[in-house]
Amino acid sequence: MVFKNSIDLYKKALNLIPGGVNSPVRAFKSVNREAPIFVKKGQGARIYDEDNNEYIDYICSWGPLILGHNHPKVIEEVKKIIENGSSYGLPTKYEVDLAELIVEIVPSIEKVRLTTSGTEATMSAVRLARAYTGRNKILKFEGCYHGHSDALLVKSGSGLLTDGYQDSNGITDGVLKDTLTLGFGDLEKVENLLRNEEIACIIVEPIPANMGLIETHKEFLQGLRRITEETKTVLIFDEVISGFRLALGGAQEFFGITPDLTTLGKIIGGGYPVGAFGGKREIMDLVAPVGRVYHAGTLSGNPIASKAGFATISYLKENPNIYKELAENTNYLVDNVEKLAEKYGVDVCVNSMGSLFTIFFVDLEKVENLEDSLKANTENFSIYFNTMLDNGIVVPPSQFEAHFLSIAHTKKELDRTLEVMEMAFKKIGEKNAK
Ligand SMILES: Cc1ncc(COP(=O)(O)O)c(C=O)c1O
């Protein structure tokens, strides 16, 4: 495969954009690659780069594209309004349509505010929880990523972990002192903390997918719900990834646990920029202009994004079998990955939930938290990533992210993926044998 155009673009970008990219993981730094691929277009489960290489895609824009690239239903709906105008800074019908669908489907949400990104949604939800409780401190879990607002960039996952650190520079001590962190899954410590300190909220990815995927135990989330109720702490489920992915109603429907506030993003914009925070009416009515918790946005509830999100969610709602099929396809890959690992003597732990999975290159029975995931062999991951890419399969360029499946990944794509995975595992096995 030739990557000349991508390499040239990257060289040019390096002089113009920090690190040549607009989001750090895209740089392919941790997988020792000369340059990332620059994407020209996508269709179904596939993307095409500027050198016209074709790939089966397991990034799927990091989650929004559960229907695959350019799904006809979404494109058709977007086309209907794209020529009307782009953004008005005034309300449109499409925001109300999307809000109505979200409120109908997501169990905890009685009212919802649309934003432009997941980062804005989590930042605003935390602010709202502080206003509601009159408390300052918040609790998050090590390795969970909730976007890049100051208060949440502590012991963070995703791109920070990928590049070998967890806390961002440039955040004041004042902010840092109010963000407390604990290991994911450690209910006893959460209980101790909440009994001894006044905490405004717990924010949690109900299925953490930013330190690699963690298979959550339902009891942990149930415990969080119980303790937060007892201590009048706001429970925020950050469902930016899991919303409309793990089940139509997200992780809260899947586990049958209702948080006070929920943050959404990704799928609810169908591939266009969006986010949302919502929850109990009583809390949401503190948001301006009803109350004085300020949130605003020039492009909040953008009509094109709202329309694309509405089309995506409507399609999911009309085809409820999608979730079962996605999980079956994921299990098909995961089962075969485990067989390949055994065949070539490669240590792996594969975590999967719904249409997400992570292959941890690690000699552990289970990866349950950040401490475990940090034990992964990133050199083996890098061999895996590069073999996949050089043979037309794009997987996340980081050990600490999840693979995303879409409904466009059919048996044909899965079987080709497994053929290339076999090449990767063979290579890693041979390296280990040396
Ligand atoms: C769980 C979670 N929350 C929040 C965010 C931030 O969303 P955005 O990238 O749209 O700002 C992300 C992004 O990946 C995420 O995975």
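About the cut-offs
- Every chain begins its residue count from 1, and numbering advances along the sequence as written.
- Totals for whole chains, interfaces and linings use all residues, but because this is a predicted model, local features are given only for residues with pLDDT of at least 70 and pairs of side-chain atoms are given and counted only at 80 or more.
- Side-chain metrics in this entry use all non-hydrogen atoms of the structure; hydrogen atoms and water are not considered.
- Centre distance within 6.5 Å is the pairing criterion for rings of Phe, Tyr and Trp, where only the six-membered ring of Trp is used; planes under 30 degrees apart are then read as stacked, over 60 as edge-to-face, and the remainder as tilted.
- The way it works is that DSSP assigns letters per residue, a run of H or I at least four long becomes a helix, a run of E at least two long becomes a strand, and they are numbered from the N terminus.
- Any residue under 20% of the maximum accessible area for its type is buried, any over 50% is exposed, and the rest in between are partly exposed; the area is computed with a 1.4 Å probe on protein chains only.
- The criterion for a charge sitting over a ring is simple: Lys NZ or Arg CZ within 6 Å of the ring centre, and within 35 degrees of the ring normal.
- When we say a residue is near a molecule or strand, we mean one of its heavy atoms is within 4 Å of it.
- As used in this structure description, the phrase polar contact means that two N or O atoms lie within 3.5 Å; if the pair is within protein, one of them must be able to donate a hydrogen and the other to accept it, and residues adjacent in sequence are counted only when both atoms belong to side chains.
- The protein chains shown are the only cover counted for residues, whose accessible areas, like all others here, come from Shrake-Rupley with a 1.4 Å probe.
- Only protein atoms enter the 1 Å grid used here, on which a cavity is any set of points holding a 1.4 Å probe that cannot leave and a pocket is any open set flanked by protein within 12 Å on both sides along at least five of seven lines; residues with an atom within 4 Å of a point are listed as lining.
- Grid points are joined across faces, edges and corners, and a volume is the space filled by probe spheres set on the points.
- Charged residues are taken to be Asp, Glu, Lys and Arg, nonpolar residues to be Ala, Val, Leu, Ile, Met, Phe, Trp, Tyr, Cys and Pro, and polar residues to be all remaining types, Gly included.
- Given the number of residues in a helix, its expected span is that number minus one, multiplied by 1.5 Å.
- In this analysis, two residues are considered to be in contact whenever any of their non-hydrogen atoms come within 4.5 Å of each other.
- Domain limits in this description derive from either an automatic procedure or a database domain assignment.
- A 1.4 Å probe defines the accessible area here, and the buried area is the portion of it lost by two parts on being joined, summed over both.
- Just to be clear on terms, a salt bridge is a Lys or Arg side-chain nitrogen sitting within 4 Å of an Asp or Glu carboxyl oxygen.
- For the purposes of this section, nonpolar cores are sets of buried Ala, Val, Leu, Ile, Met, Phe, Trp, Tyr and Cys residues that join through side-chain atoms within 4.5 Å.
- Two cysteine sulfur atoms form a disulfide, by the criterion used here, when they sit within 2.5 Å.
- Strand pairing is defined by DSSP finding a minimum of two bridges between the two strands.
- Axis angles are defined between N-to-C directions and span 0 to 180 degrees, where every axis is a line fitted to C-alpha atoms and, for a helix, only to the segment in contact.
- Directions pointing from the helix axis toward each C-beta atom define the arc.

Thoughts on the packing of aromatic side chains
Evaluated as defined, the whole model comprises ten aromatic pairs. Pairing Phe-28 with Phe-385 gives two aromatic rings, centres 5.1 Å apart and planes at 80°, and the pair type is edge-to-face. With a gap of 357 residues between them, Phe-28 in the loop between helix 1 (4-14) and strand 1 (39-43) and Phe-385 in helix 14 (residues 378-390) connect regions that are remote in the sequence. Phe-385 carries the same exposure label as Phe-28, and that label is buried. One Lys or Arg, Lys-41, reaches over the ring of Tyr-48 and ends 5.2 Å from the middle of that ring.

Observations regarding the site of the ligand
Lining the immediate environment of the ligand, one finds Ser-117, Gly-118, Thr-119, Tyr-145, His-146, Gly-147, Glu-205, Asn-210, Asp-238, Val-240, Ile-241 and Lys-266. Thr-119 places a side-chain nitrogen or oxygen 2.6 Å from an oxygen atom of the ligand. Interatomic distance of 2.6 Å between a side-chain N/O atom of Asp-238 and a nitrogen atom of the ligand. Considering the ligand on its own, with 390 Å² of exposed area, one finds that the protein chains cover 83% of that surface.

Examining the layout of surface pockets
The volume enclosed by the second largest pocket comes to roughly 570 Å³. The wall of the second largest pocket is formed by 28 residues, among which Glu-95, Val-112, Arg-113, Leu-114 and Ser-300 lie closest to the centre. In terms of residue count, the dominant contributor to the lining of the second largest pocket is strand 4 (residues 111-115) (four residues). A breakdown of the residues in the lining of the second largest pocket according to their chemical character gives 15 nonpolar, nine polar and four charged.

Considering helix 11 (residues 303-318)
Its 16 residues give helix 11 an end-to-end C-alpha distance of 22 Å, which sits within 8% of 22 Å, the value for a rise of 1.5 Å per residue. Here helix 11 lies mainly inside the structure; twelve of its 16 residues are buried. Looking at the buried residues of helix 11, the elements they touch are helix 2 (72-82), helix 3 (93-105), strand 4 and helix 12 (322-343).

Quick word on the domain arrangement of the chain
Here the chain is described as being made up of domain 1 (4-70 + 321-356 + 366-433) and domain 2 (72-318). Between the C-alpha centres of domain 1 and domain 2 there is a distance of 25 Å. On the side of domain 2, 37 residues touch domain 1, which itself brings 36 residues to the contact. Around 3,100 Å² of area is buried between domain 1 and domain 2 when both sides are counted, 64% of it from carbon and sulfur atoms. Three residues, Tyr-323, Met-353 and Leu-370, lead the burial of domain 1 against domain 2; their summed loss comes to 23% of the area buried on that side. Where domain 1 touches domain 2, the interface holds one salt bridge. One salt bridge in this structure joins Lys-366 and Glu-215, with 3.4 Å as the shortest N-O distance. Those elements giving two or more residues to the side of domain 1 that touches domain 2 turn out to be helix 12, strand 11 (349-353) and helix 13 (370-373). At four residues, strand 11 tops the list of elements feeding residues into the side of domain 1 that touches domain 2. Among the residues making up the side of domain 1 that touches domain 2, the classes are represented as 21 nonpolar, eleven polar and four charged.

Considerations on the nonpolar core
Side chains of nonpolar character tend, in soluble globular proteins, to be buried together. Membership of the largest hydrophobic core comes to 116 residues, with the highest contact counts inside it found for Ile-102, Phe-141, Phe-244, Tyr-384 and Phe-425. Inspection of this core shows a minimum of three residues originating in each of domain 1 (4-70 + 321-356 + 366-433) and domain 2 (72-318). Look past the residues within four positions of Phe-244 in its chain and what remains in contact with it is Ile-66, Ile-102, Ile-105, Val-106, Gly-250, Leu-264, Ile-267, Ile-268, Ile-313, Leu-316 and Tyr-323. If you look at the next biggest cluster of nonpolar residues, it comprises 19 residues, including Leu-152, Val-234, Ile-283 and Val-293.

Brief notes about the state of the cysteines
Under the criterion given, the structure shown has zero disulfides. Note on Cys-144: no disulfide assigned, nearest cysteine sulfur contributed by Cys-201 at a separation of 13 Å. Cys-144 sits in the buried class, given a relative accessible area of 0%. With relative accessibility at 0%, the residue Cys-201 sits in the buried group.

Let's talk about the sheet that holds strand 10 (residues 275-279)
Strand order in the open sheet formed by seven strands is 4-10-9-8-7-5-6, with mixed pairing between adjacent strands. Pairing within the sheet leaves two strands with one partner each, and these edge strands are strand 4 and strand 6 (179-182). Ignoring which end each strand starts from, the neighbouring axes of this sheet average 20° apart. Packing of helix 3 onto the sheet brings it into contact with strand 4 and strand 9 (261-265), and relative to strand 4 it is tilted by some 130°. Against the sheet, helix 8 (residues 218-230) engages strand 5 (137-141), strand 7 (199-204) and strand 8 (234-238), with an angle of about 150° to strand 8.

Things to note about helix 12
The end-to-end C-alpha separation of helix 12 is 32 Å, in line with the 32 Å expected for 22 residues at 1.5 Å each. Among the residues making up helix 12, those that are buried are Ile-322, Tyr-323, Leu-326, Thr-330, Leu-333, Val-334, Val-337, Leu-340 and Ala-341. Each buried residue of helix 12 sits inside an arc of 120° when the element is viewed along its axis, so together they form one side. More than 90 degrees from the buried face of helix 12, the exposed residues found are Lys-324, Lys-339, Glu-342 and Lys-343. Those residues of helix 12 that are buried are in contact with helix 11, strand 11, strand 12 (356-360) and helix 15 (411-433). Gly-345 sits one or two positions beyond helix 12 and adopts a positive phi of about 65°.

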